[in-house]
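Here is what each chain is made of, one letter per residue.
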Amino acid sequence: MAAQLNLILFGPPGAGKGTQAERLCDDFQLPFISTGDMLRGHVKDETDLGQKAKEYMDAGDLVPDELILAMVRERLLEDDARDGFILDGFPRNADQATALDEQLSDLGRRVTAALLIDVPDEEVIRRLSGRRVCTEAGHNYHIEFDPPKHDDVCDQDGSELIQRDDDKPEVIEHRLGVYHEKTQPLVEYYDEQGLMRRIDGTRAAADVHGHIRAVIATLRLEEDV
Ligand code: ADP
Ligand code: ADP
(Lines give C-alpha, C1' and ligand atoms only; values in the text may rest on other atoms or scores of the structure.)
(Ligands and ions follow the chains in the order given, each with its own letter.)
Protein backbone atom coordinates (compact mmCIF):
# COMPACT_ATOMS: atom_id res chain seq x y z
CA MET A 1 0.00 0.00 0.00
CA ALA A 2 1.27 3.49 -0.84
CA ALA A 3 2.32 5.74 2.03
CA GLN A 4 -0.46 7.76 3.57
CA LEU A 5 -0.38 11.40 4.56
CA ASN A 6 -2.83 11.90 7.42
CA LEU A 7 -2.19 15.55 8.25
CA ILE A 8 -3.56 18.04 10.75
CA LEU A 9 -3.35 21.75 10.02
CA PHE A 10 -3.15 23.43 13.34
CA GLY A 11 -3.06 26.99 14.69
CA PRO A 12 -5.14 29.77 16.22
CA PRO A 13 -8.24 31.11 14.48
CA GLY A 14 -7.09 33.45 11.72
CA ALA A 15 -3.62 31.89 11.41
CA GLY A 16 -4.19 31.37 7.69
CA LYS A 17 -5.27 27.72 7.64
CA GLY A 18 -8.08 28.26 5.13
CA THR A 19 -5.86 30.44 2.95
CA GLN A 20 -3.17 27.77 2.85
CA ALA A 21 -5.68 24.99 2.30
CA GLU A 22 -6.89 26.60 -0.93
CA ARG A 23 -3.30 26.46 -2.20
CA LEU A 24 -2.41 23.03 -0.84
CA CYS A 25 -5.41 21.35 -2.45
CA ASP A 26 -3.91 22.17 -5.83
CA ASP A 27 -0.50 20.78 -4.84
CA PHE A 28 -1.34 17.43 -3.31
CA GLN A 29 -4.04 14.90 -4.12
CA LEU A 30 -5.44 15.04 -0.62
CA PRO A 31 -8.95 16.03 0.45
CA PHE A 32 -9.09 19.11 2.63
CA ILE A 33 -11.47 18.57 5.52
CA SER A 34 -12.45 21.68 7.46
CA THR A 35 -14.89 21.11 10.32
CA GLY A 36 -15.67 24.85 10.33
CA ASP A 37 -16.65 24.73 6.62
CA MET A 38 -18.65 21.54 7.16
CA LEU A 39 -20.53 23.10 10.08
CA ARG A 40 -21.21 26.33 8.16
CA GLY A 41 -22.63 24.14 5.36
CA HIS A 42 -24.97 22.49 7.86
CA VAL A 43 -26.06 25.89 9.23
CA LYS A 44 -26.71 27.18 5.70
CA ASP A 45 -28.73 24.07 4.80
CA GLU A 46 -30.56 24.25 8.15
CA THR A 47 -29.92 20.58 8.93
CA ASP A 48 -30.57 19.18 12.37
CA LEU A 49 -26.84 19.40 13.14
CA GLY A 50 -26.68 22.96 11.79
CA GLN A 51 -29.51 24.08 14.03
CA LYS A 52 -27.85 22.55 17.07
CA ALA A 53 -24.39 23.94 16.22
CA LYS A 54 -25.34 27.51 15.32
CA GLU A 55 -25.62 29.01 18.80
CA TYR A 56 -22.20 27.70 19.81
CA MET A 57 -20.58 28.96 16.62
CA ASP A 58 -22.13 32.43 16.90
CA ALA A 59 -20.82 32.68 20.46
CA GLY A 60 -17.34 31.46 19.45
CA ASP A 61 -17.65 28.37 21.66
CA LEU A 62 -16.77 24.82 20.65
CA VAL A 63 -19.67 22.77 19.33
CA PRO A 64 -20.18 19.75 21.66
CA ASP A 65 -17.94 16.76 20.92
CA GLU A 66 -20.75 14.26 20.31
CA LEU A 67 -21.94 16.33 17.33
CA ILE A 68 -18.45 16.91 15.90
CA LEU A 69 -17.12 13.38 16.37
CA ALA A 70 -19.93 11.69 14.44
CA MET A 71 -19.54 14.18 11.59
CA VAL A 72 -15.76 13.70 11.32
CA ARG A 73 -15.91 9.93 11.73
CA GLU A 74 -18.21 9.62 8.72
CA ARG A 75 -16.17 12.04 6.63
CA LEU A 76 -12.92 10.14 7.20
CA LEU A 77 -14.55 6.93 5.99
CA GLU A 78 -15.33 8.43 2.59
CA ASP A 79 -13.41 7.10 -0.38
CA ASP A 80 -11.35 10.20 -1.10
CA ALA A 81 -9.79 10.10 2.41
CA ARG A 82 -8.48 6.56 1.97
CA ASP A 83 -4.90 7.59 1.14
CA GLY A 84 -4.78 10.60 3.44
CA PHE A 85 -6.28 13.97 4.26
CA ILE A 86 -5.56 17.45 5.55
CA LEU A 87 -7.71 18.22 8.59
CA ASP A 88 -8.39 21.86 9.51
CA GLY A 89 -10.13 22.84 12.73
CA PHE A 90 -10.07 19.33 14.16
CA PRO A 91 -9.06 18.12 16.70
CA ARG A 92 -9.82 21.12 18.90
CA ASN A 93 -9.47 19.53 22.37
CA ALA A 94 -7.93 16.49 24.07
CA ASP A 95 -11.01 14.25 23.70
CA GLN A 96 -11.21 14.96 19.98
CA ALA A 97 -7.49 14.14 19.58
CA THR A 98 -7.98 10.82 21.38
CA ALA A 99 -11.06 10.00 19.30
CA LEU A 100 -9.13 10.69 16.10
CA ASP A 101 -6.25 8.45 17.21
CA GLU A 102 -8.70 5.68 18.07
CA GLN A 103 -10.55 5.86 14.79
CA LEU A 104 -7.32 5.85 12.78
CA SER A 105 -5.89 3.02 14.85
CA ASP A 106 -9.03 0.92 14.22
CA LEU A 107 -8.38 1.45 10.53
CA GLY A 108 -4.69 0.52 10.90
CA ARG A 109 -3.72 4.16 10.33
CA ARG A 110 -2.14 6.98 12.33
CA VAL A 111 -1.57 10.73 12.24
CA THR A 112 1.46 11.41 10.03
CA ALA A 113 2.12 14.95 11.30
CA ALA A 114 0.51 18.05 12.76
CA LEU A 115 1.53 21.32 11.08
CA LEU A 116 1.31 24.31 13.40
CA ILE A 117 0.88 27.68 11.70
CA ASP A 118 2.23 29.87 14.46
CA VAL A 119 0.88 33.44 14.73
CA PRO A 120 0.79 35.70 17.83
CA ASP A 121 -2.51 37.01 19.25
CA GLU A 122 -2.10 40.63 18.00
CA GLU A 123 -1.73 39.37 14.43
CA VAL A 124 -4.71 37.02 14.82
CA ILE A 125 -6.87 39.97 15.84
CA ARG A 126 -5.66 42.05 12.86
CA ARG A 127 -6.33 39.19 10.47
CA LEU A 128 -9.74 38.18 11.77
CA SER A 129 -11.11 41.70 12.07
CA GLY A 130 -10.24 42.39 8.41
CA ARG A 131 -11.27 38.99 7.05
CA ARG A 132 -13.98 38.80 4.39
CA VAL A 133 -15.31 35.50 3.04
CA CYS A 134 -17.28 34.70 -0.08
CA THR A 135 -20.83 33.46 0.34
CA GLU A 136 -20.52 30.84 -2.40
CA ALA A 137 -17.44 28.80 -1.47
CA GLY A 138 -15.83 30.43 1.57
CA HIS A 139 -12.83 31.90 -0.32
CA ASN A 140 -10.82 34.15 2.02
CA TYR A 141 -9.81 37.79 1.60
CA HIS A 142 -8.47 40.51 3.86
CA ILE A 143 -9.42 44.17 3.44
CA GLU A 144 -5.77 45.21 3.89
CA PHE A 145 -3.51 42.17 3.29
CA ASP A 146 -5.37 40.45 0.44
CA PRO A 147 -8.09 42.72 -0.93
CA PRO A 148 -10.42 41.56 -3.73
CA LYS A 149 -10.10 43.29 -7.13
CA HIS A 150 -13.60 44.74 -6.73
CA ASP A 151 -14.97 45.72 -3.32
CA ASP A 152 -17.15 43.05 -1.71
CA VAL A 153 -17.02 40.68 -4.73
CA CYS A 154 -15.13 37.35 -4.85
CA ASP A 155 -12.40 37.31 -7.55
CA GLN A 156 -12.89 33.56 -8.04
CA ASP A 157 -16.65 33.11 -8.31
CA GLY A 158 -18.21 36.60 -8.31
CA SER A 159 -20.25 36.00 -5.15
CA GLU A 160 -20.73 38.58 -2.41
CA LEU A 161 -18.06 38.96 0.29
CA ILE A 162 -19.26 39.23 3.88
CA GLN A 163 -17.84 39.43 7.38
CA ARG A 164 -18.50 36.27 9.40
CA ASP A 165 -20.69 36.80 12.48
CA ASP A 166 -17.95 35.30 14.64
CA ASP A 167 -15.35 37.75 13.29
CA LYS A 168 -16.84 40.60 15.36
CA PRO A 169 -14.35 41.96 17.99
CA GLU A 170 -15.96 40.55 21.15
CA VAL A 171 -16.34 37.06 19.62
CA ILE A 172 -12.76 37.10 18.27
CA GLU A 173 -11.44 37.66 21.77
CA HIS A 174 -13.55 34.82 23.12
CA ARG A 175 -12.42 32.42 20.36
CA LEU A 176 -8.80 33.20 21.12
CA GLY A 177 -9.42 32.39 24.78
CA VAL A 178 -11.03 29.07 23.81
CA TYR A 179 -8.03 28.31 21.57
CA HIS A 180 -5.51 28.93 24.35
CA GLU A 181 -7.47 26.97 26.93
CA LYS A 182 -8.70 23.95 24.96
CA THR A 183 -6.74 23.63 21.71
CA GLN A 184 -3.22 24.86 22.40
CA PRO A 185 -2.47 22.01 24.88
CA LEU A 186 -2.60 19.71 21.84
CA VAL A 187 0.65 21.25 20.61
CA GLU A 188 2.36 19.48 23.50
CA TYR A 189 0.38 16.29 22.82
CA TYR A 190 1.70 16.05 19.25
CA ASP A 191 5.13 17.37 20.23
CA GLU A 192 5.58 14.51 22.69
CA GLN A 193 4.87 12.05 19.90
CA GLY A 194 7.39 13.79 17.65
CA LEU A 195 4.65 14.70 15.18
CA MET A 196 4.55 18.50 15.47
CA ARG A 197 6.08 20.64 12.70
CA ARG A 198 6.16 24.41 13.32
CA ILE A 199 5.66 26.96 10.56
CA ASP A 200 6.14 30.71 10.99
CA GLY A 201 2.70 32.01 10.02
CA THR A 202 3.59 35.71 10.28
CA ARG A 203 5.28 35.72 6.88
CA ALA A 204 3.52 36.46 3.58
CA ALA A 205 0.99 33.82 2.50
CA ALA A 206 3.19 32.72 -0.43
CA ASP A 207 6.16 32.12 1.90
CA VAL A 208 4.04 30.18 4.37
CA HIS A 209 2.78 28.10 1.48
CA GLY A 210 6.33 27.37 0.30
CA HIS A 211 7.32 26.25 3.78
CA ILE A 212 4.31 23.95 4.21
CA ARG A 213 4.88 22.41 0.79
CA ALA A 214 8.49 21.69 1.69
CA VAL A 215 7.46 20.10 5.00
CA ILE A 216 4.86 17.89 3.30
CA ALA A 217 7.29 16.89 0.55
CA THR A 218 9.80 15.82 3.22
CA LEU A 219 7.15 13.87 5.10
CA ARG A 220 6.19 12.07 1.92
CA LEU A 221 9.78 11.04 1.33
CA GLU A 222 10.14 9.86 4.94
CA GLU A 223 6.90 7.86 4.75
CA ASP A 224 7.96 6.15 1.53
CA VAL A 225 11.14 4.77 3.06
P1 ADP B 1 -8.03 30.49 9.45
O2 ADP B 1 -8.62 29.54 8.42
O3 ADP B 1 -6.82 29.95 10.12
O4 ADP B 1 -9.06 30.98 10.41
P5 ADP B 1 -7.79 32.37 7.21
O6 ADP B 1 -7.07 31.60 6.17
O7 ADP B 1 -9.25 32.59 7.02
O8 ADP B 1 -7.49 31.76 8.67
O9 ADP B 1 -7.04 33.79 7.33
C10 ADP B 1 -7.51 34.82 8.22
C11 ADP B 1 -7.36 36.20 7.53
O12 ADP B 1 -5.98 36.52 7.40
C13 ADP B 1 -7.96 36.25 6.12
O14 ADP B 1 -8.54 37.53 5.97
C15 ADP B 1 -6.75 36.08 5.19
O16 ADP B 1 -6.94 36.77 3.96
C17 ADP B 1 -5.62 36.71 6.01
N18 ADP B 1 -4.33 36.03 5.85
C19 ADP B 1 -4.11 34.69 5.71
N20 ADP B 1 -2.78 34.42 5.61
C21 ADP B 1 -2.14 35.62 5.71
C22 ADP B 1 -0.75 36.02 5.70
N23 ADP B 1 0.24 35.13 5.60
N24 ADP B 1 -0.47 37.36 5.84
C25 ADP B 1 -1.48 38.26 5.98
N26 ADP B 1 -2.81 37.94 6.00
C27 ADP B 1 -3.14 36.66 5.87
P1 ADP C 1 -11.44 29.49 12.60
O2 ADP C 1 -10.46 28.59 11.95
O3 ADP C 1 -11.60 30.77 11.86
O4 ADP C 1 -11.30 29.61 14.05
P5 ADP C 1 -13.45 27.51 12.10
O6 ADP C 1 -14.02 27.81 10.79
O7 ADP C 1 -12.48 26.41 12.24
O8 ADP C 1 -12.86 28.86 12.61
O9 ADP C 1 -14.58 27.23 13.18
C10 ADP C 1 -15.70 28.07 13.34
C11 ADP C 1 -16.52 27.59 14.51
O12 ADP C 1 -17.02 26.26 14.24
C13 ADP C 1 -15.77 27.46 15.82
O14 ADP C 1 -15.71 28.68 16.53
C15 ADP C 1 -16.61 26.40 16.56
O16 ADP C 1 -17.80 26.96 17.08
C17 ADP C 1 -17.02 25.46 15.43
N18 ADP C 1 -16.06 24.35 15.25
C19 ADP C 1 -15.29 24.09 14.17
N20 ADP C 1 -14.56 22.97 14.35
C21 ADP C 1 -14.87 22.50 15.58
C22 ADP C 1 -14.43 21.38 16.37
N23 ADP C 1 -13.51 20.51 15.93
N24 ADP C 1 -14.98 21.23 17.61
C25 ADP C 1 -15.90 22.08 18.08
N26 ADP C 1 -16.35 23.14 17.40
C27 ADP C 1 -15.84 23.37 16.16
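Please refer to the structure higher up on the page.
Described in the following lines is the structure provided in the data block. Owing to the predicted nature of the structure, the values given are computational and were not obtained by experimental measurement.

About the criteria used
- Residues numbered from 1 in each chain as written.
- Chains lettered and ligands numbered in written order.
- Predicted model: local features only at pLDDT ≥ 70, side-chain atom pairs only at ≥ 80, totals over all residues.
- Heavy atoms only, no water.
- Axes fitted to C-alpha atoms, helices over the stretch in contact; angles between N-to-C directions.
- Helix = DSSP H or I, 4+ residues; strand = E, 2+ residues; numbered from the N terminus.
- Contact = heavy atoms within 4.5 Å.
- Nonpolar A, V, L, I, M, F, W, Y, C, P; charged D, E, K, R; others polar.
- Pairing = 2+ DSSP bridges.
- Core = buried A, V, L, I, M, F, W, Y, C linked by side-chain atoms within 4.5 Å.
- Buried < 20%, exposed > 50% of the residue type's maximum accessible area, 1.4 Å probe, protein only.

**Digging into the packing of helix 7 (residues 169–183) against helix 8 (residues 185–192)**
Line of reasoning, step 1. At a minimum axis distance of 5 Å, the contact between helix 7 and helix 8 shows a crossing angle of 35 degrees. Here His180, Glu181, Lys182 and Thr183 of helix 7 lie close against helix 8, whose contacting residues are Pro185, Leu186 and Val187.
Line of reasoning, step 2. Here the residues of the contact of helix 7 with helix 8 sort into 3 nonpolar, 2 polar and 2 charged.

**Regarding the sheet that holds strand 7 (residues 161–162)**
Line of reasoning, step 1. One open sheet accounts for 3 strands, arranged 6-5-7; its pairing is antiparallel. Whereas interior strands pair on both sides, the edge strands pair on one side only; in this sheet they are strand 6 (140–142) and strand 7.
Line of reasoning, step 2. In this sheet, strand 7 lies alongside strand 5 (residues 131–134) in antiparallel orientation, the contact comprising 2 bridges. Among the inter-strand pairings, Cys134 is bridged to a residue of strand 7, identified as Leu161.

**Details of the nonpolar core**
Line of reasoning, step 1. Phe10, Leu39, Leu100 and Tyr190 are the most contacted members of the largest nonpolar core, which has 31 residues in total.
Line of reasoning, step 2. Going through the elements one at a time, strand 1 (5–10), helix 3 (48–59), helix 4 (65–76), strand 3 (84–88), helix 5 (94–106), strand 4 (113–118) and helix 8 are the ones with two or more residues in this core.
Line of reasoning, step 3. Top element by residues in this core is helix 4. It accounts for 6 residues.
Line of reasoning, step 4. Leu39 has contacts with Leu49, Ala53, Met57, Val63, Ile68 and Met71, leaving out every residue within four places of it along the chain.
Line of reasoning, step 5. Counting 22 residues, the second largest nonpolar core, distinct from the first, contains Leu5, Ile172, Leu176 and Ile216.

**Re the sheet that holds strand 4**
Line of reasoning, step 1. The strand order across the open sheet built from 5 strands is 2-3-1-4-8, with neighbouring strands paired in parallel fashion. Taken across any chain shown, the strands that pair with only one partner, and hence form the sheet edges, are strand 2 (32–34) and strand 8 (196–200). In this sheet, adjacent strand axes meet at a mean angle of 20 degrees when their direction is disregarded.
Line of reasoning, step 2. Each of strand 2 and strand 3 is contacted by helix 2 (residues 35–44), which is oriented at about 60 degrees to strand 2, the strand it contacts most.
Line of reasoning, step 3. The sheet strands contacting helix 8 are strand 1, strand 4 and strand 8, and the helix crosses strand 8 at an angle near 125 degrees.

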